[in-house]
Each structure stands twice: as C-alpha cells, then as structure tokens.
Amino acid sequence: MVGLPDKMPICYVNGKRRILPRGQAELTLLEYLRDEGLTGTKLGCGEGVCGACTVMVSDLHQGELRHRSVNACLFPLYAADGKHIVTIEGVGSLKAGLHPVQQRLATLHGSQCGFCTPGFVMAMYALLRATNGRPSEQQIAVSLAGNLCRCTGYRPIVDAFKVFAHVPAKAYTDDSIQAQESPAANGHNTPHLSEDGFPGFKRPLAQTEQSQASSKKVCPSTGRPCDCSGSEPPAFNGHTAATGASAEVQHSNTSSKVPSAAEQANLRGFSEPIFPAELRSYQAQDLCLVGLECTWLRPVSLAKLLEARQQHPDARLVAGHNEVGIERKYNQTTPPLLISISEVPELSQIQVGKTAVLVGATVTLTQLLDLCSHLIARRPAHETRCFSALSNQLQHFSGNQVRNMATLGGNIVNASPISDINAIMMAIGASYELVGSDGSRTALLPQDFLMGFRKTKLQPGETLLQVSIPFTSQHEFVAEYKQSHKREDCLAVGNAGFYAQLQSSDGGWSIERARISLGGVGPFTQLAPQAAQAMQQQPWSRATLDRTLAALSKDVNQVSGTQGWRLNMHQAAIASFLFRFFLSVSVQLEAEVPGSAPLFGPSELSGAPADLPSDGLSKGAQLFPLASPEAIVGHPTMHMAARSQTTGEAQFAGDIKLVGMHHAALVTSTRPHARLVSVDASAALQMEGVSSFCDARTMGGPGENAATSTATGLQHQQQHNYSNAAGHMKQDEEVFASSEVHTVGQVIGMGPENKVQVGDIDAWLHKCDHMLEGSVVVGAQEHFYMEPQVSVVQPQENDELIIHASTQSATAYQHDIARSLGLPSHKVVCHVKRVGGAFGGKETRFIPITAAAAVAARELGRPVRIALERHEDMAISGHRHPFLIKYKVGYNKDGEVKAVDAEAFCNGGWCLDMSQAVIGKALLHADNAYRVPHLRFTGRICRTHTVSNTSMRGLGGPQIMLAIESILDRVATELQLPQERVRSLNMYQPGEKAVCGQAVEAGQLRACWDKTLETSSFPERSAQVALFNQGSRWRKRGICTIPVKFGVGFAGKFMNQGGALVHIYMDGTVLVTTGGIEMGQGLHTKCCMVAAQELGIPLDRVHIAETATDKVPNTSPSAASASSDLYCMAVIDACSQLRDRLAPFRQAKAAHTADGQQESGSGAQKPPSFPEAVRAAYMAMVDLSARGFHAVTQVTGLGGDMPFKYWTYGAAATEVELDVLTGAHKVLRADIVMDLGQPLNPALDIGQIEGAYVQGLGMTCKEELVWGDVEHDWLPRGHLQTRGPGSYMIPTVEDIPADLRVTLLEDEPGRAPSSTSPGAAGAGSMSEGKSSEKRPPGLVYSSKNAGEPPFFLGASAFFALKQAVYAARRDAGHPAWIQLDSPASTERVRMSCADHLTSNSTKLPPICC
Ligand SMILES: Cc1cc2nc3c(=O)[nH]c(=O)nc-3n(C[C@H](O)[C@H](O)[C@H](O)COP(=O)(O)OP(=O)(O)OC[C@H]3O[C@@H](n4cnc5c(N)ncnc54)[C@H](O)[C@@H]3O)c2cc1C
Ligand code: FES
Ligand code: FES
C-alpha cells in the first residue's frame, strides 16, 4: 500500500520495550494496556472526559523531550510507536514505594472509592514532568479539569496537590496568612490547623505562633511555617517527604504517619521512569499496519502523505483522534483506512510573519496555547488581540489530556457547529490553506470553508495544511464567548465570535469594520451579516448597539432552524454576547485612550469580564472534635485502601481476569415500547469471536424446547430450571424480553397513594392570612459512579456459581440470580472486593443483566464477564426519580407556615424496582426541618415508558425537601422577609415531633443552624452581598442558609440488621469480614478501627477481607447511611465475645512463668502481649473466631412513630456569584456544619460530607438528563440524549466552592471513645452517661452517620443562586417571586433573569420529568 513499509511498531511502557502486536489498528492504547494486565488505568467513560484512563506519553518532538498526559481511551494504539508510555504502575507501587504525588493523595484523604484515583495521579504527575519549574496553582487547577471524581467533592485532591505548586512567596508568608485569617480581615474566626497536627477545636495559629513565626515561609498546603522553598524547581522527592509531610501528620495516626526515615529514603530514592535511550535516537518511519477491519498508514513527510491521498482520496485522516475516536466508538464502525498525519513535519510548523502567524494543522491545542502566551508576552497588547481571545477560549477547552492531543486542524475540519475555533477564526478573518493531493494549494476564508453540518469544502484527497491568524492593529477588538454547555450537543445555545475595528471621529469613535460569527445556532458556524452591517460605519454608541441587537435577532432567526423556547434561548445568549462585547470594548478603549468612551456606567461594566472569579485552586478548612490521643476510634485515619488505590493496585471487579473468560455484550431494545416479534441472531453468530447468543428462548421461553438451538448456537447439555421473571422487590421484569419491550414519557398507570398527614389541613388552609398554590419540578439525576456496572460470573462444579460483582447489594445478587437460574441460594456466592462508587445505583438494576450473563456462563460452562460501557450504563441502569410536586400553602403575615397540602408525583419508569421505597422515604422527609402543624403530603409513583428509575443517595428525600424549601422561599419572597428569618421561625424546636411521628431530639438542629450562621458570618456577608448587588448590574451575588434533618436507617424495619465475622489468628493478627460493602465511604476502615479499639490492639494488626455471602449471609444492601452503624456494631459484638474469651489469658500470663510455674515477685506482673495471650488461648483450645450480629430493634418501620434509628442534622450557608449574561455561576464559599456526635473517623466523615454536598450541588444546579419527548422533539422518543460526561455535566474541580469549610459540631471535646484496655472497651461503644441524655441509644461510640444527610445541603447553592436571580430580576423591574425548577441550568437561570436581552422569552427550558 503506497509503498509504505510493513514495519513493526515499538514503544516502551514503564521503561520496558514492547513490540506492538500486528493487525490491531482498531485497538486503543487503553484496551492494549488493560489486556496486558496494566489494569491501574481505568475505563470510566471512553469519551475523553473523565480522565480515569490518563497516562503520560513522552516523545522527542522537534528535538526536545516532551511529556504529555493523554486519555488512553482515545489514543490509538499505533500512535504509540516511538513513544514512552508511563502508566500508574510505572509511577510508584506498594512494593517499590509511593511517588510523592501518590503519597500525598493517599494521606490527605484524596481517594474514597479509588476508581478515579490513578487518573488524578497521572494528570498531576504528567503536569509535574511537563512543567519547567513548578506549575502554578492555576495550572494545576486547569490540568485537573480533565478528571472527574464523584466521591470526594475534589477538595482533598486539591489540597493534596497544592504542595506541588509554585506560589508567590508573599501569598504564603505567615504574615499574609494571619492577615487573611484575622477576625478583622474577614469578620469571623477562620478554623485553623492545630499545633499537634490535627485540625480541631484548638488555639488558632494566629494566636499561638504569631510571635515566633513572623516572616517565616508558610507551606502552601499545610498553612504552617515550613522550610520548603515555594520557588524551587519540582522536587518529586524532597518536599513531600520532608517538609510537606507535616500536612500528612495532620490527618493521620498509626497507619498514615509521616513517612519513616526508611520510607523517606525510599521516596527520595524513587527513580522516575526515564526516557529510554533507544527512543532518543528514534526516527519515525513510514508505517503501513494492516489489521482485520482497518489499516493504519503513517507517512512521515508531506510528499508521502500526498501520495497516499492520491491513492486513497477517501481515506480518513487522523490527527489527535479525539473526534475520530468518539465516532468509532459510538458508530461502532472503523473506517477501513486511517491515515495518521501527526508525524508529517510540514503540518506541524509555526511561522511568525509580519502581519500574521501561520500555524500548521497538526499543532496541538496545548502548543497553540503556548504560542499565544509567547506572543502575548512579547508583543504590544493591541497586536495580539486575536491570540488573547484564542487563549481565553482554549483555557476553557476541556482538560490538558484533550488539549495535548487535539489539533487545530482537527477542530476546524471536524466542522462542529459549536467549534470554538471556527467561531473565532471566522470573526477575526483568519484563512485556511488546503493542499490537494497533486500539491496544489488553496486559501479559503472560514465562512467559505464551512458548508453544512460537519461538512466542509475539502475535496477528496485534500488536506488542511495550515491556518493564517492575523495580528491586530490599534483599535481592532476581538472576542469569543461561549455558553458553558455541552460539547456534543449541536443544539446548545452555543458561541459567537466578534470583531470590530474602531476609528476616532469627531471627538468620539465610529466602527469601521465588524464581523460576527454565530456557532451552535444553526447546523454550522456562520456569519451574522445583518448585525455586522448594522454596526459598520456607525458611531460607537448605545443607539448602534440597540440597532445591532435588533439586526442580530434577525440573523439568529434566519440561521436557527428552531422555534419556541430554544429559539428564545439562542436569541438571548447571542444578544447577551453582543452586549458583553460592547462592554468589553468600552473597557479596553478606556484603557487605551482614557475618558474616550463612557458608553456605560460602572454598574453595567460589571458585565464586561467573561470569566467568573477564580483564584486558582479552591481552599478549605475542617474543624472536628479531637479524640483522646490513646484512642484509635475518633482519629482521622487514612482510608485503608488509599495507598493501593493511588498506585492502581486496588482491584475492581472489572480488573478480574479468568482463564477462558468470555465477554458478554447486550443487545437492547431500540424502541421505548414495542412488541418483540422475532429475534434472529444468525448474523451475529457468524461474526468472528462470537460464541453464542442467549435470549428468552434460552430461559425456556416460547419455541425453544430442543436440546440444541441453531438460533442461539448453544448446546443444551442439561436441563436447567431457569426463570425469566426478574425484579428485586416485585417480579415485574424479565431477564430477557420475551414478547414486549417497555420504556417513554406518557403516563400509562399510577400506583396507589402514599400519604403523611398531621393536623387538620382542610380547616387550616383557609384560616391563614395568605394562601398560595404552585408547583415544583425536580429533574432526575444520574448516579455517575465512576466505575460502570460490571460482573464476572464463574460456573463451578456441582452447579455452584461464583459472582464477582460491583454491587452494594451482595445478598440481592445471590438470591435473585439463584432464582433466575433455578438454583438454591446456597449454590451461589457473591463476592465484592470493592465498588467504584455506587450512590444507590448498584443495588438492583444490574441484577437481571448479571442473571443474563450467568445464564450464558452456565450454558457455555465458562466464566463470563459483563461490563457496561458508560453510555449503556447511563441509558439502562436508571436514575434518581424526577418529581413533580403541586402544593397549596397557608401562612401568616409574620412568615409562619401553618398548612401545606401537597401531592408528589414521581416517575418510576416502566417497572417498580425501588420506587415504593423511594416515595415512602420521600414522604417521611416532607417537612425537612420545619414544623408545619397542618400538613398533608400524598405521593404517587407514575408508571411510564422510560427506563426504570431506582434508588439514589437520599432516596426521594432530597427531591421532596426541595419542595418544602421552595415553599418557604416563596413565602419569604412574597412577604419580603429575609429567607433565614422565615426558615428559623418555622424550624422544629427540641422535643417536637416530626411529621412522621419521630421526635426531633435535643438541640442539635438549632445548634447546627446557629453555628452555620456564626461561622459563615451570615448577617455581615448578607449585607456585603446586598452592597455588591447595588453596584453591579450584570454580576449578582446570593447567599442562603438551609438546614437539614435526615433519617438514618432503613425504613423497612427488618433491613436494619447486620453481621460480622472476626477471626483471631495465632500470630495475634485479626481478620474481619462483614456484610457491608466498601464503596469509598470508608466502611472497612471504620470496622477495622472499631475492631482494634475493642480488642486493644494497634490498627495494623487488623485486616478486613472482601465481602462474600458465604462468610456473612443475608445482608442488607449497603445503603440508607446505615452500614457503619450496623457493621461496626456487629464487629463490636464479635470482638466483645472474643475479648471475653481472651480475658483470662491476658491476665493469666502475668501470674505464670513460661514453663507454667507460679511466678513470684513484682517482675512477674507484666501483662502478656496480645499475641502471647492469643497463643495461650489457642493452646487452651479456646475458639478464636466469633460471629457478631446487630439488629436495630427500636425502629418501627414505615407507619410507626420511629421509622428511623435517629436523625442526623446539619446546615449550610452558601454564597454564589452569578454571571447574569450567561446564567453561569461560581460558588464563592460554603460553610457546612453537621452534628455527627463523636465521629468515628472525622477525615472519612468529612469526606462524605464534602462529596455529598458537591453531589447535591450537582443535582440542583448542574446535572440535567434530556430525553426525547414532546418538548425535545428533535430527539427520538424515549431516547436518552445525555449518555456520557460530555453531555451530562457532573461537577468538576472548577465547580466546587472556592472556599469550603466544614465544621463538625462539638459534642464532648477530648472524650475518649473507649478505653484501649480490653474489658473496658465495650462500655465505650454505646452512647452513655452525659451524652445519652441528648443522644439516641445504640450509636457506635456516640457517632452518627453522614452518607446521605449532607447531600441536601448542596441545595443551599441552588437557593443562593435563586437569590442572585431575584437581585437581577429586581434590576430588570420584576420584584415578584419566580418559579425556578431544579436543576438551575445556565439556560434556565439566564432566561429567569428576564432583562431586555431575554425579552423574547415566554417560557423557560422545560425539565424532562
Ligand atoms: C473531552 C473533549 C472536550 C472537547 N471540548 C471542546 C471544546 O470545548 N470546544 C471545541 O470546539 N471542541 C471541543 N472538543 C472537540 C475537539 O476539540 C476536537 O474534537 C479536536 O480539536 C479534534 O482534533 P483532533 O486532532 O483530535 O481531530 P481528529 O479526531 O484526529 O480528526 C477530526 C476530523 O478532522 C479530520 N482532519 C484532522 N486533521 C485534518 C487535516 N489536517 N486535514 C483534513 N482533515 C483533517 C479528520 O479526518 C476527522 O474527520 C472536545 C473534544 C473532547 C474529546
Ligand atoms: S475513560 Fe478515558 S477519559 Fe474517561
Ligand atoms: S474517589 Fe473519585 S470517583 Fe470515587
């Protein structure tokens, strides 16, 4: 083929040479690495967004060594030729020692489930290797934007990596820290890290160290003086191990101490994987690699490329492979011939000319960004305005991993309607130079190059060679604005580019030339000719702006093919961009020629900057009660798997490899509701590698009685007693669809009514001063656990079956799959090592699919692995239930709410699954933290043809709590009273009974509320917000505090039970097994801490094994925030039995000599060590294994007056800043206060709080699922459009509060949770004495759980945002209340602001409900 040699490609992986396999042009680097057993690199999304697959690629580029982080899921295997790939395994390991990046992340609690962790390590590691000197905090922030984490809320990750940043010394001298933290500086007492290394209620640093520490450098990570030099080059060895380690002390005890001298030496001695000598002299050569489906050509000169283009004019060019990779994945097709152009030197050149810069088509976006910085730093500002605009845009262009691969040419030729680059290139008048296969060259303007939806003027055989980007002259202005929106959603509000050349005339200014490009409005980027016309040759005035706005609206109408709310949204967004351009030019003109262009006043100029405030990495503080130093429980001990998570050695179910393992893939319905007429698998069975097909017939369905099926290719060796009926709560599903497929938006039935009621609603509703009606819509939420669902099923002899699953519900898997296979439960064992995040989504929905894989495994007699891809997982495994709540509220003029009558409708999807539990738990939280004396809340599940919705953190609680909070928001707004006054007035008093009948204990709810107001300086900051809003028309701030009261435990009484098994071995080590699942929440760590505490031994003597149904049977799912209570208590039960059995031996040894003689004298009193006592007990034939059990008997279940074990209370105050012109917002600060009693492990608990808060913020302010329905009629009915992180936006590191402070309410500071001496420990395990007066009974060491309760606190951001919207609306002349549904997406917020730029709008974007 074109005379290119069929040479073997080589690469190095972690320093080892590898010859890449032939015939694998289809493979990605990720697939290759995982096949090779390097499973530390994870598959989270497969579309370049989550960063779980990050690896570092090093090569020689133009003679220089280059290190880049890339997404291995989009990196073609053969593109690795000549490169050194460093994976997580090459960075550090448990055996060789952890790299400081890994060490920091582990010890600063930066990993929970650990699935995202290797990706974060690699992103940070590659940044350090790539940066000349230390990276800045801003660079770190930008580079982490390419990685997602669903558990931690990012704060600990950010904290862990801060230490690697270069920071201006001044910002981190202790003087500056003290100035920031002094009450005078910010009006409140900032929490501090205490001297002994544990953050807690201790003397503030400012008071204790002020005098001695003056003018010493303060460590950027720890906030304490240290000797590290903020400006020294990256020291991967020194800083963390030596001085940065002080940060580690603060969060660690026995298992996470500062590295010992030996460990430090190990760290220091750790050798970085160096660039292999062979590759230093590696000359890339032409390649032709023929594969089964696809051939990979790689010419290394323009001449060879043109030759190849001549022979194969229709072959697909590949540059960075970002788009081609995604297309291959989603279209499930690979072009037969791929021509890689990344090694063609003529395409990667940059030439700086007098009037323009020529940039080669394969220059990556990272290189382009560097070029912009280089030019901006060296040339006058007015010359580089194109490059400044480009640079602004590129900084918001995904993470480093994408920018490091994506090319300028790839973006342009891809011709996406929302391409940022085409929009800006068109506006600035760039030109694209094409080269034909005969070498002819053509230059085209972008508007002439783009032809239609992903269509360009490129002729077959033509290649984009380079792009000419002009310098600007004095008074030429350029900008590009973009609505933060989905990359792949062509129908998004989009972007726009602006160019204007001004000239001074008659003491003022006029517009000489103008160009405006519109992206995302129509099928491709286009000019707005009427708007440009309206500006040109016109004075620089508001009248011109108004005229241009009118003309622009016509342009948008013409370009846009949409109507209704979508057209209005486009209109509003583009008009807002134009307005912002005028503001921004005004600011720049003013800077160039002071006093020359006062078109706008200072308040309006607040809308000029496109970016919301960002100070680099966010910061945080955590305050919690100190445990006594001798205790184990109560300390912020590191997650026990953290180290193996950071090295990628922690195994997940998807990493399991078994001999002869088959991989199952799903064939799913493409219709929402249809009859299944016939299934023909013959074509699939002909495909290479396909061994069988299972469907309803395999289960003994209609028409399949024969022993051998030609339709399925299966030999039925034996009769199985399969059952196709499935469904955990009710058997209303099927393993394989037999005659009908279900699933879209119309309601086809309704379940029975569920209700909570107190008082006399009918009488009281009309007795109040005011009565209002309204509704609240709460959209669905995707769990987005980072590890998609996966199971491995392994048939064994005697019909036994082993399942390795990523589930939070091992027993449900065991029983339901046994039932489907017609097996007794004792033949099926479910093992769960760990789960990469679950959040309720891994309880039930994957059971029928695992059952299908189990059928295949039984039929084939081989292990079968079924792993969902992210897009499948999102489409079929269900979501948080969306709710519609209709209400009537009666309230008095002082704001007291007397009566609420409400109906909630939740979309359960097509089958029942967990919906009954969801509506039940929702109603029990209908009051949140408020006393409503007359309340009736009914709830119904609607059966619809959407995917079945399922449990998610909080079940239905957060949705319904949003309703009561929205009602209070409305009451306060209608009465023009401060929100917090109305909330406070209606809040429960201690001892009052909640709507469900359960008492609200002592004063913790009010204490959390008061403490939040105090720590957040709420009154002062509310006043500051009001002041800010007065002087700022287009930036608004809002601040809001909300409380939470959340029930812990299962509402189904019988589920509140748990078991544990504790073995003590002869060497004195202890193995714990429980029925609880470790999914990042730290359950295993807590169980080990409790066991160590109870047995009075160091933590490192205790190990915990994976969960397995043959060790601890009949488990409840790890859910409902109940697990640590249940399993820690079960462990305590087992340990106390063992402690009792060991007691005689712990004393007896003291009285006897080794040969059994009675000892005399005081020297004989030394008590035996634990191992000695254990050995003695063993010799005396004492059983050293115990089973523990715990049942919460005091709860009543649903319908009783104590449905929950206890309430957990909290409150949060959040402040946001809103960019009115786009609807985007930044969370400036959040203060969270929770009552967790005496926390078992404050670091893990705070991790849960922060993660839950950010997830709640995501639910209410960001995450939106979009289905094809009446309102979204451009999508096929019933199809989920948002099936990956590119279109479904979970919060990223940039979305978290810039300042996040968490306080755990102080209970009894310094109280030891229990004595460490055996025998006394049990007494400390239950709440008692002083605390029992105010604490409910049965708490583990007086602790409370934090899994679900803090989730709803994220809604404080939603209500703060709503406050900002109110402020904007007041300026626009709309003082009244407005309904704002959740999520408050940018479009919904923008349109709610209702100003002159959105005036066409009549309807807000609807939520799929
Ligand atoms: C996670 C993620 C985030 C993204 N965010 C953004 C964003 O914020 N804004 C935005 O605008 N885009 C965004 N994109 C899109 C991305 O920028 C483009 O996909 C990328 O620039 C394409 O470059 P590439 O080199 O990877 O192209 P490839 O995938 O290699 O190629 C893309 C197309 O261009 C063709 N092609 C490539 N080079 C040439 C050439 N020289 N001559 C002729 N044809 C050529 C290919 O044949 C192919 O059809 C994002 C993509 C991802 C994966
Ligand atoms: S798996 Fe590659 S970015 Fe998500
Ligand atoms: S720890 Fe990040 S996704 Fe679980």
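Residues numbered from 1 in each chain as written. Chains lettered and ligands numbered in written order. Predicted model: local features only at pLDDT ≥ 70, side-chain atom pairs only at ≥ 80, totals over all residues. Heavy atoms only, no water.

The protein chain is annotated in an unreviewed UniProt entry as Xanthine dehydrogenase from Apatococcus fuscideae. Per UniProt, the protein chain has the following entry under Sequence similarities (unreviewed entry): "Belongs to the xanthine dehydrogenase family." (UniProt positions renumbered as here; feature names shortened; annotations may be inferred.)

**Notes on the environment of Ala1186**
Residue placement: Ala1186 occurs in strand 43 (residues 1185-1191). When its relative accessible area of 3% is taken as the criterion, Ala1186 is described as buried. C-alpha of Ala1186 to C-alpha of Asp1133: the two residues are 53 residues apart in sequence and 8.7 Å apart in space. With residues up to four places along the chain from it excluded, the contact list for Ala1186 reads Ala1060, Leu1061, Val1062, Ala1134, Gln1137, Leu1138 and Arg1141. (Helix = DSSP H or I, 4+ residues; strand = E, 2+ residues; numbered from the N terminus. Buried < 20%, exposed > 50% of the residue type's maximum accessible area, 1.4 Å probe, protein only. Contact = heavy atoms within 4.5 Å.)

**Thoughts on the UniProt feature "binding site: substrate" (unreviewed entry) in the protein chain**
As recorded in UniProt, the feature "binding site: substrate" (unreviewed entry) lies at Glu843. With respect to the element layout, Glu843 can be found in the loop between strand 33 (828-832) and helix 31 (847-860). A relative accessible area of 6% places Glu843 in the buried class. Not counting residues up to four positions away in its chain, the partners in contact with Glu843 are Thr807, Gln808, Ser809, Tyr813, Met914, Ser951, Pro1117 and Ala1119. A polar contact is formed between the side chain of Glu843 and the side chain of Ser951, at a distance of 3.3 Å. (Polar contact = N/O pair within 3.5 Å; in protein donor to acceptor, adjacent residues only side chain to side chain.)

**Thoughts on the pattern of salt bridges**
Under the definition given, this model contains 56 salt bridges. A salt bridge links Glu36 to Arg18, with the shortest nitrogen-to-oxygen separation between them at 2.7 Å. Taken together, the positions of Glu36 in the loop between helix 1 (29-35) and strand 3 (54-61) and Arg18 in strand 2 (residues 16-19) put the pair 18 residues apart, joining distant regions of the chain. You can call Arg18 buried: its relative accessible area is 18%. For Glu869, the salt bridge goes to Lys329, with nearest N and O atoms at 2.3 Å. (Salt bridge = Lys/Arg side-chain N within 4 Å of Asp/Glu carboxyl O.)

**Some points on the packing of helix 17 (residues 365-378) against helix 18 (residues 385-394)**
To describe two helices that pack against each other, one gives the angle between their axes and the distance between the axes. With their axes 9 Å apart at the nearest point, helix 17 and helix 18 run at an angle of 140 degrees to one another. Between helix 17 and helix 18, the angle falls in the class oblique. Judged by the twist between their axes, the crossing of helix 17 over helix 18 is left-handed. Of the residues in helix 18, those in contact with Leu365, Leu368, Leu369, Cys372, Leu375 and Ile376 of helix 17 are Phe387, Ser388, Leu390, Ser391 and Leu394. (Axes fitted to C-alpha atoms, helices over the stretch in contact; angles between N-to-C directions. Parallel < 35°, antiparallel > 145°, perpendicular 65-115°, else oblique. Left-handed = near helix turned anticlockwise from the far one by under 90°.)

**Things to note about the nonpolar core**
Core analysis: the biggest nonpolar cluster contains 195 residues, and Phe161, Phe883, Phe937 and Tyr1253 have the highest contact counts within it. With 11 residues, helix 25 (residues 564-592) is the largest single contributor of residues to this core. (Core = buried A, V, L, I, M, F, W, Y, C linked by side-chain atoms within 4.5 Å.)

**Describing the UniProt feature "binding site: [2Fe-2S] cluster 2" (unreviewed entry) in the protein chain**
Sites flagged by UniProt as "binding site: [2Fe-2S] cluster 2" (unreviewed entry) map to Cys113, Cys116, Cys149 and Cys151. Separation in sequence by 39 residues is not matched in space for these annotated residues, since their most distant C-alpha atoms are only 9.5 Å apart. Looking at where Cys113 falls in the secondary structure, it is placed in the loop between helix 3 (100-107) and helix 4 (117-130). Beyond its immediate sequence surroundings of up to four residues, Cys113 is in contact with Cys151, Gln645, Phe652, Arg834, Val835, Gly836, Gly837, Met1079 and Gly1080. In this structure, Cys149 sits in the loop between helix 5 (137-144) and helix 6 (155-162). Residue classification places Cys149 among the buried residues on the basis of a relative accessible area of 5%.

**Thoughts on the sheet that holds strand 40 (residues 1070-1074)**
In spatial order, the strands read 41-40-39-43; together these 4 strands make up an open sheet with mixed pairing. Where the open sheet ends on each side, the last strands, each with one partner, are strand 41 (1102-1104) and strand 43. Strand-to-strand twist of the sheet, defined as the mean angle between neighbouring strand axes without regard to direction, takes the value 20 degrees. Bridge count for strand 40 against strand 41 is 3 bridges, and the pairing is parallel. Along strand 41, the bridge assignment pairs Val1072 with Ile1104. Of the strands in this sheet, strand 39 (1057-1064), strand 40 and strand 41 touch helix 38 (residues 1083-1095), which is tilted by about 150 degrees from strand 41. (Pairing = 2+ DSSP bridges.)

**Some points on the packing of aromatic side chains**
Taken as a whole and judged by the stated rule, the model has 14 aromatic pairs. Measuring from centroid to centroid gives 4.5 Å for Trp540 and Phe582, while their planes differ by 10 degrees, and the two rings are stacked. Pair noted here: Trp540 is in the loop between strand 21 (538-539) and helix 24 (542-559) and Phe582 is in helix 25, with a separation of 42 residues, a long-range link. Overall, the relative accessible area of 7% leaves Trp540 in the buried class. Considering the side-chain rings of Phe1358 and Phe1359, the 5.0 Å spacing of their centres and the 85 degrees angle between planes classify their relative orientation as edge-to-face. Among the residues examined, Phe1359 registers a relative accessible area of 0% and is labelled buried. Over the ring of Tyr785 we find Lys842; its NZ or CZ atom is 4.4 Å from the centre of that ring. The ring of Phe1028 has Arg1037 lying over it, and the distance from NZ or CZ to the ring centre is 4.0 Å. (Phe/Tyr/Trp six-rings, centres within 6.5 Å; stacked < 30°, edge-to-face > 60°. Lys NZ or Arg CZ within 6 Å of the ring centre and 35° of its normal.)

**Some words on the sheet that holds strand 16 (residues 463-470)**
Taken together, 5 strands build an open sheet; the order of strands is 10-11-16-12-13 and the sheet is antiparallel. At either margin of the open sheet sits one strand with a lone partner, and together these are strand 10 (350-352) and strand 13 (441-444). Along the sheet, successive strands turn relative to each other by an average axial angle of 20 degrees, direction set aside. As paired elements, strand 12 (residues 431-435) and strand 13 share 4 bridges and run antiparallel to each other. If you follow Glu433 over to strand 13, its bridge partner there is Ala443.

**A look at the environment of Pro446**
Take Pro446: it is sitting in helix 22 (residues 446-449). In this structure Pro446 comes out as buried when scored by relative accessible area, which is 0%.

**Describing the pairing of strand 2**
Within a regular strand, the side chains alternate between the two sheet faces. Sheet topology places strand 1 (residues 10-13) next to strand 2; 4 bridges connect them, and they run antiparallel. Bridging from a neighbouring strand, Tyr12 pairs with Arg17 of strand 2. Counted between consecutive antiparallel strands, the loop separating strand 1 from strand 2 contains 2 residues, among which Asn14 sits at a positive phi close to 50 degrees.

**Digging into the side chain of His881**
Tracing the backbone through its elements, the reader meets His881 in the loop between helix 32 (870-876) and strand 35 (883-891). Judged by relative accessible area, which is 1%, His881 ranks as buried. A polar contact is formed between the side chain of His881 and the side chain of Ser915, at a distance of 2.9 Å. Those residues within four positions of His881 in sequence are excluded, and the remaining contacts are Cys906, Asn907, Gly908, Ser915, Val918, Asn949, Thr950 and Gln959.

**Re the state of the cysteines**
According to the stated counting rule, one finds 0 disulfides in the structure shown. In this structure Cys372 is not part of a disulfide, and its nearest cysteine sulfur, from Cys386, lies 9.7 Å away. Judged by relative accessible area, which is 0%, Cys372 ranks as buried. (Disulfide = S-S within 2.5 Å.)

**Observations concerning unusual backbone geometry**
Here the bond from Ser1382 into Pro1383 is cis, since omega is 10 degrees, no more than 30 degrees from zero. Relative to the assigned elements, Pro1383 resides in the loop between helix 44 (1355-1371) and helix 45 (1386-1392). Not every positive phi belongs to a glycine, and His321 is a case in point at roughly 70 degrees. Mapped onto the secondary structure, His321 falls in the loop between strand 8 (316-318) and helix 16 (322-331). A relative accessible area of 5% places His321 in the buried class. For Phe839, which is not glycine, the phi torsion reads 55 degrees and is therefore positive. Position of Phe839 among the secondary structure elements: in the loop between strand 33 and helix 31.

**Description of the pairing of strand 39**
Among the 8 residues of strand 39, 6 are classified as buried, and the element is accordingly described as predominantly covered. Bridge count for strand 39 against strand 43 is 7 bridges, and the pairing is antiparallel. Along strand 43, the bridge assignment pairs Gly1058 with His1190. Here strand 39 pairs with strand 40 via 5 bridges, running antiparallel. Its bridge partner being in strand 40, Ile1064 is matched across the sheet by Val1070. Hairpin connection, strand 39 to strand 40: the antiparallel pair is bridged by 5 residues, and Gly1068 has positive phi, about 85 degrees.

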